[in-house]
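Listed below, chain by chain, are the residues.
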Amino acid sequence: MPRVSIIVPNFNHGRFLKRRLGSIFEQTIQDFELIFLDDASTDNSLEVFKTFADDSRVTAHVNKSNSGNPFVQWNKGMGLATGQYIWIAESDDFAEPTFLEMMTASLEQHPSAGLATCRSMITDQHDQDLGIFDAYHWFGKRQRWHHDYINSGLAEISDFLAFQNTIPNASATLFKRSLFEHGLRGPENMTVAGDWFFWVTLLSNADICHVGQPLNHFRQEHHSSQRARSATDGSEVLEGIDVYELVVQTVKMKDRRKLLAQMGLIRRWFSIASRYRIHYQAQRRIYRRFLSVRFASWPVRTLHFLSVSLAFLLMPLARLPGFRSVAMWFRNLLTGSFRSSGVSR
């Protein structure tokens with residue numbers, strides 16, 4: 001059995017594959033299998049892959065038609081994996097040579113942990129590093145991610161993942177395959193927030209350890225067409241509400257903290273509406289989903305209703321140039337209420 005199963009799901013990332021696969025074969029740990037999953041690419045991906053295919057540790061699985069969902073490919077790869085650990089190495093990212101060495105060491109140092117994460121460098125399409133990824137907007141204590149730590153999975157959910165996806169790149173993670181054997185799956189009905197949902201599910205059954213060094217290079221490649229579709233049909237916000245519902249089923253949260261989590265999603269809704277034209281029917285679906293959220297306290301319930309209703313009423317004006325200052329005021333109001341709450345404590 002190999003120590004690590006490396007899953008490389010790919011669709012039309014031929015221009016990045018040489019760097020991705022090269023960084024895998026440069027790892028200081030070489031006890032791995034590489035499972036290459038091509039989702040019916042139409043570029044030169046398979047030609048690039050062929051230069052690495054002769055290694056006995058490599059297997060390839062090429063779809064004849066596109067699956068339409070990255071988490072279908074995640075599940076396929078995890079089902080094929082035989083290693084102790086799983087690394088979903090996205091095809092447009094790449095890693096430092098010590099990535100596997102340091103991530104496996106962290107998991108082995110902390111037996112209760114099922115997931116290891118590390119920091120990432122943001123890298124452009126020309127392989128130029130643009131700085132360390134630091135998008136933990138909601139939290140006053142960003143320094144937390146600059147250092148190694150171990151945390152209870154449930155505490156990580158209730159204190160951080162309830163409010164934001166603080167694990168934004170699968171390439172910066174390593175997790176135990178035994179979790180998949182106990183029912184862990186990627187949500188194939190989600191297209192945008194499925195990774196966020198996946199981390200919450202995983203950490204409901206295991207702890208998390210973090211390596212403070214940036215061992216992953218996160219390609220800052222903007223897939224504008226996919227982002228536009230998820231924005232205009234409302235799926236980005238609706239899937240965020242799905243994650244919220246999973247969180248409150250998984251951990252106990254007081255109404256005040258539930259409200260703060262909802263404020264984060266409302267802020268996200270408003271932010272998207274200021275950049276994309278969300279279809280009216282999608283806006284109504286989002287509004288109804290928000291109003292379906294339940295709180296035990298009537299003051300919190302009332303505040304939530306007023307916040308959602310105000311956001312819904314302002315949505316048609318969100319993209320007007322003259323309304324930009326009002327939009328920013330509303331976003332900052334939500335952000336300020338969140339930060340002042342001290343959710344990271």
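Calculation rules
Residues numbered from 1 in each chain as written. Predicted model: local features only at pLDDT ≥ 70, side-chain atom pairs only at ≥ 80, totals over all residues. Heavy atoms only, no water. Salt bridge = Lys/Arg side-chain N within 4 Å of Asp/Glu carboxyl O. Helix = DSSP H or I, 4+ residues; strand = E, 2+ residues; numbered from the N terminus. Buried < 20%, exposed > 50% of the residue type's maximum accessible area, 1.4 Å probe, protein only. Contact = heavy atoms within 4.5 Å. Axes fitted to C-alpha atoms, helices over the stretch in contact; angles between N-to-C directions. Parallel < 35°, antiparallel > 145°, perpendicular 65-115°, else oblique. Nonpolar A, V, L, I, M, F, W, Y, C, P; charged D, E, K, R; others polar. Phe/Tyr/Trp six-rings, centres within 6.5 Å; stacked < 30°, edge-to-face > 60°. Lys NZ or Arg CZ within 6 Å of the ring centre and 35° of its normal. Polar contact = N/O pair within 3.5 Å; in protein donor to acceptor, adjacent residues only side chain to side chain.

I'd love a proper account of the pattern of salt bridges, names of residues and values included.
Using the criterion set out here, one finds seven salt bridges in the structure. Two residues, Arg-289 and Asp-242, come together in a salt bridge whose shortest N-O distance is 2.9 Å. Residue Arg-289 is found in helix H11 (residues 280–291), and its partner Asp-242 is found in helix H9 (residues 235–250); the two are separated by 47 residues along the sequence. A relative accessible area of 23% places Arg-289 in the partly exposed class. As a salt-bridge pair, Glu-245 and Arg-289 come within 3.4 Å of each other at their nearest N and O atoms.

Any details on the side chain of Asp-195? Residues and values, ideally.
You can see Asp-195 is positioned in helix H7 (residues 194–203). Here Asp-195 falls in the buried class, since its relative accessible area comes to 14%. With residues up to four places along the chain from it excluded, the contact list for Asp-195 reads Phe-71, Trp-74, Asn-165, Ile-167 and Pro-168.

Just give me the short version of the packing of H11 against helix H12 (residues 298–314), but keep the residues and values in it.
Any two packed helices are characterised by the angle at which their axes cross and by the distance between the axes. Orientation of H11 relative to H12, taken along the N-to-C sense of each, is 175°, at an axis distance of 10 Å. With respect to each other, H11 and H12 are oriented roughly antiparallel. Between H11 and H12, the residues in contact are Tyr-280, Gln-283, Arg-284, Tyr-287, Phe-290 and Leu-291 and His-304, Phe-305, Val-308, Ser-309 and Phe-312, respectively. For the contact of H11 with H12, the per-class residue count stands at seven nonpolar, three polar and one charged.

Got a sec to walk through the packing of aromatic side chains? Specific residues and values, please.
Applying the stated rule across the entire model yields 12 aromatic pairs. On the numbers, 5.0 Å between centres and 75° between planes, the contact of Phe-71 with Trp-74 is edge-to-face. Remark: Trp-74 and Phe-71 occur in helix H3 (residues 70–80); sequence separation between them is three residues, near one turn of the helix. Accessibility assignment for this pair places Phe-71 and Trp-74 in one class, buried. Aromatic pair Trp-87 and Phe-99: ring centres 4.4 Å apart, planes at 25°, arrangement stacked. Linking Trp-87 in strand S4 (residues 85–88) with Phe-99 in helix H4 (residues 99–109), this pair joins segments that are 12 residues apart in sequence. Look at Phe-99 and you get buried, because its relative accessible area is 0%. Among the aromatic residues, ring-to-ring pairing joins Phe-71, Trp-74, Phe-175, Phe-198 and Trp-199 into one connected group. Across from the ring centre of Tyr-149, 4.0 Å away, lies the NZ or CZ of Arg-144, which sits over that ring. If you follow Arg-144 out to its NZ or CZ, it ends over the ring of Phe-160, 3.8 Å from the centre.

Any details on the side chain of Asn-63? Residues and values, ideally.
Here Asn-63 shows up in the loop between strand S3 (58–62) and H3. A distance of 3.1 Å separates a polar atom in the side chain of Asn-63 from a polar atom in the side chain of Gln-73. A polar atom in the side chain of Asn-63 sits 2.9 Å from the side chain of Lys-76.

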